[in-house]
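Structural description and commentary
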Amino acid sequence: MKKIAVIYWSNGGNVEILAESIAKGAREAGAEVSIKMVQDAKVQDIIEADAIALGSPSLDNNKIEQDYMAPFVKELKLLPSHNKALVLFGSYGWDEGKFLENWSELMIDYGFNIVGKLAVKEAPTENEVEEAKSLGKTLAK
Ligand SMILES: Cc1cc2nc3c(=O)[nH]c(=O)nc-3n(C[C@H](O)[C@H](O)[C@H](O)COP(=O)(O)O)c2cc1C
């Protein structure tokens, strides 16, 4: 059984809806899923997972959340990522997903294999929730 780690930061709940939808999709596809807010996550969660989803809103002038998510991501820099499958997801108010594109470039630089990306404007629509579930299924493959 595939082990999937879904790790996210959310204040208003928009990113949380996406995180829960990804987790649901992965579970439906038969994976063992752990879902955590980044404040409770450890690098070990990434090491132990076969595939990962990381989520954040766009904050502080179009960047991922800086107090918890950015330092956590930085810790992954020196990890032997072995091309591990990664989905990035998040929500923005006005940057049209630019923050997620920048984040994606960074994670590719760190050696991760980006298998999916989902950036939504504010609260996800029903279609976007379905898209998130389907990303969970992709990770479980
Ligand atoms: C303090 C604050 C700063 C924000 N900064 C940005 C920003 O720089 N760029 C942007 O596109 N959206 C920005 N937003 C909008 C959030 O990214 C958006 O509301 C997102 O859906 C929040 O996710 P959450 O509900 O999971 O916390 C900001 C929102 C807040 C509250």
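Structure first, text after, so check above.
These lines cover the structure that appears in this document, whether it is placed above or below. (Residues numbered from 1 in each chain as written. Predicted model: local features only at pLDDT ≥ 70, side-chain atom pairs only at ≥ 80, totals over all residues. Heavy atoms only, no water.)

**Quick word on the site of the ligand**
Neighbouring the ligand are 18 residues; S10, S58, N62, S91 and E122 lie closest to it. One of the backbone nitrogen or oxygen atoms of N61 is found 3.0 Å away from an oxygen atom of the ligand. In this structure, N62 approaches the ligand through a side-chain N or O atom, which is 2.8 Å from a nitrogen atom. In isolation the ligand offers 640 Å² of accessible surface; the protein chains occlude 74% of this area. Every element with two or more residues in the shell around the ligand is listed here: α1 (14-28) and β4 (85-92). The residue inventory of the shell around the ligand, partitioned by class, reads five nonpolar, 10 polar and three charged. (Near = heavy atom within 4 Å. Polar contact = N/O pair within 3.5 Å; in protein donor to acceptor, adjacent residues only side chain to side chain. Areas by Shrake-Rupley, 256 points an atom, 1.4 Å probe, with all protein chains shown as cover. Helix = DSSP H or I, 4+ residues; strand = E, 2+ residues; numbered from the N terminus. Nonpolar A, V, L, I, M, F, W, Y, C, P; charged D, E, K, R; others polar.)

**Topic: the sheet that holds strand β2 (residues 32-37)**
Backbone-to-backbone hydrogen bonds join strands into a sheet, with any given pair of strands oriented parallel or antiparallel. Across the sheet, which stays open at both edges, the five strands sit in the order β2-β1-β3-β4-β5 with parallel pairing between neighbours. On the outer flanks of this sheet lie β2 and β5 (113-121), each paired with one strand and no other. Recorded for the sheet is a direction-independent mean angle of 15 degrees between the axes of neighbouring strands. Here eight bridges tie β4 to β5, and the two strands are oriented parallel to one another. Among the inter-strand pairings, L88 is bridged to a residue of β5, identified as K117. Strand contacts of α1: β1 (3-8), β2, β3 (51-57), β4 and β5, with the helix running at about 150 degrees to β4, the strand carrying the most contacts. (Pairing = 2+ DSSP bridges. Axes fitted to C-alpha atoms, helices over the stretch in contact; angles between N-to-C directions. Contact = heavy atoms within 4.5 Å.)

**Section: the side chain of S104**
Along the chain, the position of S104 falls in helix α4 (residues 98-109). Excluding its chain neighbours within four sequence positions, the residues that come into contact with S104 are L88, I114 and K117.

**Examining the side chain of S21**
By the element assignment, S21 lies in helix α1. With relative accessibility at 7%, the residue S21 sits in the buried group. (Buried < 20%, exposed > 50% of the residue type's maximum accessible area, 1.4 Å probe, protein only.)

**Some remarks on helix α5 (residues 126-140)**
For α5, which comprises 15 residues, the first-to-last C-alpha distance of 21 Å matches the rise-based estimate of 21 Å (1.5 Å per residue) to within 8%. Buried within α5 are the following residues: E128, V129, A132, K133, L135, G136, L139 and A140. For α5, the arc enclosing every buried residue in end-on projection is 155 degrees, short of the 170-degree limit, so these residues lie on one face. In this structure, α5 carries E126 and N127 as exposed residues pointing more than 90 degrees from its buried face. Where the residues of α5 are buried, they touch β1, α1, β3, β4 and β5. (Expected span 1.5 Å × (residues − 1). Arc of directions from axis to C-beta.)

Without other data, these values stay purely geometric and don't point to any function.
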